[in-house]
Number of protein chains: 2
Amino acid sequence: MEQQQIFIQVALHAWNMQVNRAGQFIALLSDEDFLKEIAPGKNRAIYVIGHLVAIHDAMNTILGLGERAHSELDEAFVKNPDKSGFDMQSVSMLKQLWNEVHENLNSRLKQVKPDDWFSRHASMSDEEFIKEPSRNKLSVLLNRTNHLAYHLGQLRLLK
Amino acid sequence: MEQQQIFIQVALHAWNMQVNRAGQFIALLSDEDFLKEIAPGKNRAIYVIGHLVAIHDAMNTILGLGERAHSELDEAFVKNPDKSGFDMQSVSMLKQLWNEVHENLNSRLKQVKPDDWFSRHASMSDEEFIKEPSRNKLSVLLNRTNHLAYHLGQLRLLK
């Protein structure tokens, strides 16, 4: 196998591992768990989970994979902190969105052509990219994987 | 720049970003903060931080970079859970070890030759590696980066 393919496989494997761990953990949380704070005075689980769904849905746009499907999540889960009074989706809806967004995203991620991982992502100009070729789509995938791990570490404190 | 160099740069950049964020955060924690639990009934900060230093020190061995320097940390911070009664290093010593271990590790990581990132890591046999070439040194780096992000998400709850 070529190094290029191997590296993409390693990066996607790390992403899938975190998504699966988080998905299995979230599926087992009760409605009550969703409303608990991860630590006293901190974000509630529902906020962290809605935040992850929204950010992962937005990966469709930043990676140029196609339209994102759930920008309605941004108000309550990205643009504003927890407990700001915005309407949030129900727990069962968020669990369903978790599955839907990741199934859709992962099927698109598999189709990205090897060279395309090394192209610039959508929030970056051509000029910036010439200066910093390491800020490519692959770097977005690695950053989002770390972002997910960061919040999974917090969610795990619920149990 | 070649793709091979670019993705090694992307992976090292993600690692360094997490190490720097964690290092800056840890440097500002007081002795009292170190003894706080990250959430009620959970690990104390001192345990999580000692754990990260020990695991990162052990990356020297698993990546074949040279001898690790602080296996004395394993008893209290890796092999046993927090509050098991094993002697722990002082806060000032742990802060110093954080810096020492990462300076040493990062200078060695910079010297790894590109192709070597695609070779098997030390906990894997040649036979296993033939079957799964994506379980290479690069995958260890990505996994450790996610592991660090996971625990940094927890440490951040202290503030």
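All values derive from a computational prediction rather than experimental measurement. (Residues numbered from 1 in each chain as written. Chains lettered and ligands numbered in written order. Predicted model: local features only at pLDDT ≥ 70, side-chain atom pairs only at ≥ 80, totals over all residues. Heavy atoms only, no water.)

A. The relation of the copies chain A and chain B, seen in detail. For the pair chain A and chain B, the best superposition has an RMSD of 0.0 Å and corresponds to a rotation of 180 degrees with a translation of 0.0 Å parallel to the axis. The superposition operator between the copies reduces to a two-fold rotation axis. Looking at the rotation axis and the C-alpha trace of chain A, the residue lying nearest is A:Y150, at 2.0 Å. Most of the interface of chain A is mirrored in chain B: 100% of its interface residues are interface residues there too. (Least-squares fit on C-alpha atoms with pLDDT ≥ 70 in both. Contact = heavy atoms within 4.5 Å.)

B. Region of interest: the layout of surface pockets. The calculated volume of the largest pocket comes to roughly 270 Å³. In this structure, the largest pocket is lined by 15 residues; those nearest its centre are A:H13, B:H121, B:R135, B:S139 and B:N143. No other element matches helix α1 (residues 3-27) of chain A, which puts five residues into the lining of the largest pocket. Across the lining of the largest pocket, the residue classes break down as five nonpolar, seven polar and three charged. (1 Å grid on protein atoms, 1.4 Å probe; cavity = no way out; pocket = protein on both sides within 12 Å on 5 of 7 lines; lining within 4 Å. Points joined across faces, edges and corners; volume = space filled by probe spheres on them. Helix = DSSP H or I, 4+ residues; strand = E, 2+ residues; numbered from the N terminus. Nonpolar A, V, L, I, M, F, W, Y, C, P; charged D, E, K, R; others polar.)

C. Broad picture of the interface of chain A and chain B. Listed as interface residues are 34 residues of chain A and, on the opposing side, 34 residues of chain B. Overall, the association of chain A and chain B removes approximately 2,900 Å² of surface from exposure, summing both partners, and the carbon and sulfur fraction of that is 67%. Together, A:Q3, A:Y150 and A:L157 form the three largest contributors to the area buried by chain A at its contact with chain B, with a combined 21%. Applying the counting rule to chain A against chain B returns zero salt bridges. Inspection of the chain A/chain B interface yields 14 residue pairs in polar contact (both at pLDDT 80 or more). Per-element tally for the side of chain A that touches chain B: the top contributor is helix α7 (residues 137-155) of chain A, with eleven residues. (Buried area = accessible area lost by both parts, 1.4 Å probe. Salt bridge = Lys/Arg side-chain N within 4 Å of Asp/Glu carboxyl O. Polar contact = N/O pair within 3.5 Å; in protein donor to acceptor, adjacent residues only side chain to side chain.)

D. Representation of the packing of aromatic side chains. Under the criterion given, the structure shown has five aromatic pairs over all chains. Every member of this aromatic cluster is reached through a ring pair, and the members are A:F7, A:F118, B:F7 and B:F118. (Phe/Tyr/Trp six-rings, centres within 6.5 Å; stacked < 30°, edge-to-face > 60°.)

E. Focus on the side chain of B:H56. Residue and element names in this part refer to chain B. Inspection of the secondary structure assignment puts H56 in helix α3 (residues 45-62). Of the residues examined, H56 reaches a relative accessible area of 0% and is grouped as buried. Setting aside its immediate chain neighbours within four residues, H56 contacts W15, V101, H102, L105, R144 and L148. (Buried < 20%, exposed > 50% of the residue type's maximum accessible area, 1.4 Å probe, protein only.)

F. Structural view of empty space enclosed by the protein. Within this structure, the stated rule accounts for one cavity of 30 Å³ or more. Around the largest cavity sit A:A11, A:A14, A:L142, A:T145, A:N146, B:A14, B:L142, B:T145 and B:N146, which together line it. Looking at the lining of the largest cavity, the elements with two or more residues in it are α1 and α7 of chain A together with α7 (137-155) of chain B. Of the residues assigned to the lining of the largest cavity, the class counts are five nonpolar, four polar and no charged.

G. Examining the confidence of the model for chain A more closely. The predicted model of chain A has a mean per-residue pLDDT of 95, with 99% of residues at 70 or higher. At the level of chain-chain contacts, confidence expressed as ipTM amounts to 0.95, with global pTM at 0.96. (pLDDT = per-residue confidence, 0-100.)

H. Molecular detail of α3(B). Residue and element names in this part refer to chain B. For α3, spanning 18 residues, the distance from its first C-alpha to its last is 25 Å, which sits close to the expected 26 Å at 1.5 Å a residue. Burial analysis of α3 places 16 of its 18 residues in the buried class, the great majority of the element. Of the residues one or two after α3, G64 is the one with positive phi, at around 65 degrees. (Expected span 1.5 Å × (residues − 1).)

I. View of the nonpolar core. In this structure, A:L109, A:W117, A:L155, B:L109, B:W117 and B:L155 are the most contacted members of the largest nonpolar core, which totals 104 residues. B:L155 has contacts with B:F25, B:I26, B:I38, B:A45, B:V48, B:I49 and B:L52, leaving out every residue within four places of it along the chain. (Core = buried A, V, L, I, M, F, W, Y, C linked by side-chain atoms within 4.5 Å.)

J. Structural view of the pattern of salt bridges. Under the criterion given, the structure shown has 18 salt bridges over all chains. One salt bridge in this structure joins A:E132 and A:R135, with 3.3 Å as the shortest N-O distance. A relative accessible area of 37% places A:E132 in the partly exposed class. Notably, a salt bridge pairs B:K83 with B:E37, separated by 2.8 Å at the nearest N-O pair. Of the two residues, B:K83 sits in the loop between α4 (74-77) and α5 (91-109) while B:E37 sits in the loop between α2 (31-34) and α3, which places them 46 residues apart along the sequence. Take B:K83: its relative accessible area is 45%, and that puts it in the partly exposed class. What emerges from the salt-bridge pattern is a single network uniting A:D33, A:K36 and A:K159.

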